[in-house]
Amino acid sequence: MRITLPYSAFLAGVILIITGVTQFSITVLASPPSNMLLIPSGGFNMGDNYSEGKEDERPVHAVFIDAFYMDKYEISNAKLCRMLQWAYNNKKLIVDMKGDIGISAKFADDNAQEVSDLDDKDCQIEFKNGKFHPKAGKEQFPADEIGWYGAMACCYYRGKMEGLETCVNTADWTCDFTKNGYRLPTEAEWEKAARGGLDGHHFPWGSKGGNYMDHVDGSKANYADSGDKYESGPQPTTVPVKDYPPNKYGLYNMSGNIYEWCYDKYGTNYYASSPKISPKGPDSGVERVRRGGCWAWAPDLLRCASRGHRDPMHRGKHVGFRMVRNAGMNVSGKININPNNSDQDEFVLILQDGTRISRDQLKDDYAGYEGLALRVYVKPHGNGNQNGLIVDGRPCPLKNANTYDISSSMMTVKLYNDGNGQGKGMGQWWISITAANATIKVVKKSK
């Protein structure tokens, strides 16, 4: 029997097949776009855990974010030129000229906002003889002199180039978050991505506890006097987008190098009333959020919690951007396992570093686990309403005593005991699973 999902679900790449009564498979087929990485769905504590920053970074509040893809690197000058050239060739970009040199690139449709300030001395691209190209040696440096409107326009261009649904409405510069095209990250998405799964750390690298200055490291980010090889050269003193080591999600330069635009309007007191699920910023306001600090300023602005904001028309040598896309369908669920009354293949959890947590460990003083994993083998126990997986809001049946193999390139799991609330003994153990791009299959049928 085949269950047909709506057309919108097929656009996201989901197939659900049930064969017989004891076996089914679910495969989310969408693969990460080129040079983008999956940021897993899940919760994190957003804000300044150490009261080191401004009041607008508090209160710290729990936020749940759906899975999404993010550019591995900041948008480079080479990539920017490819997008602008496509837009110019397709009459979606107007270039104001002075002689044979472009001085300003403006959006052609609906709202002629400036995309790139070409005649600014710090701009690292140029337009001549009908062609955009980076200035010599600046191909892989992050694009600058791009305002918020310019960044949004580039999201629109890139989606059009690749034949995707457009998220950006260029008539009013709003975003449809249900579309599968490119957009700017929300402020919450950006902070979750920057933290790289290191909740409660000052920076995207290991930096928990104490004062942020205890963890400042010029080998991990580009900031004022960081010691990078471009500091003594001509401005702007950014570094190439692939310089410095990535965070735990594989993202480069989430702190330092160049500020990055976010979608949200800025609100000083927004954290006090922010929604707990996928917040998108306040409804009112003029300035837009930018995050991450930059090459020219002190390292306190590199903290994951630090918030910047400027007028959306602002363009400068300190600000650039990267893009995100929705990741498609999520797989989530909660499964009851009972190590006191089962055989050995009931449960195995495999972490990203290869560590295996088995059924036999769930006793004595084991305190549970919460974090990223690659694979779960589980044989559910309990009655029918105790176990389940959900794909795009649709329940998928789990048959007790079947063994299920659940795998994903990025999966968040929580292993906990609610028998006595202390994570001890051999009581009722549960595993909660949230994943995107997951594969689930039966590896052993029930008798």
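Before reading further, recall that the structure is shown in the block above.
Residues numbered from 1 in each chain as written. Predicted model: local features only at pLDDT ≥ 70, side-chain atom pairs only at ≥ 80, totals over all residues. Heavy atoms only, no water.

## With respect to the pairing of strand β11 (residues 131–134)
Burial along β11 is one-sided: Phe132 and Pro134 are buried, while Lys131 and His133, pointing the other way, are not. Direction of pairing for strand β10 (residues 125–128) relative to β11: antiparallel, over a ladder of four bridges. When the sheet's bridge partners are listed, Phe127 is paired in β11 with Phe132. Following β10, the chain reverses through two residues before pairing antiparallel with β11; Asn129 in that reversal takes a positive phi of roughly 55°. (Buried < 20%, exposed > 50% of the residue type's maximum accessible area, 1.4 Å probe, protein only. Helix = DSSP H or I, 4+ residues; strand = E, 2+ residues; numbered from the N terminus. Pairing = 2+ DSSP bridges.)

## With respect to the sheet that holds strand β17 (residues 319–320)
Strands sit in the order β16-β15-β14-β17 across an open sheet of four strands; the sheet is mixed. A single partner strand is all that each edge strand has here, and the edge strands are β16 (308–310) and β17. With three bridges joining them, strand β15 (residues 288–291) and β16 adopt antiparallel strand pairing. Considered in β16, the bridge of Val289 is made with His309. Across the sheet, helix α3 (residues 148–161) lies against β14 (259–265) and β15, angled at about 85° from β14, the strand it touches most. (Contact = heavy atoms within 4.5 Å. Axes fitted to C-alpha atoms, helices over the stretch in contact; angles between N-to-C directions.)

## Here we look at the packing of helix α2 (residues 77–89) against α3
The axes of two packed helices give the description: the angle between them and the distance between them. The contact between α2 and α3 brings their axes to 9 Å, and the two run at 75°. Comparing their axes, α3 and α2 come out roughly perpendicular. Listed contacts from α3 to Lys79, Leu80, Arg82, Met83, Leu84, Trp86 and Ala87 of α2 are Cys154, Tyr157, Arg158, Lys160 and Met161. For the contact of α2 with α3, the per-class residue count stands at eight nonpolar, no polar and four charged. (Parallel < 35°, antiparallel > 145°, perpendicular 65-115°, else oblique. Nonpolar A, V, L, I, M, F, W, Y, C, P; charged D, E, K, R; others polar.)

None of this, on its own, says anything about what the molecule does.
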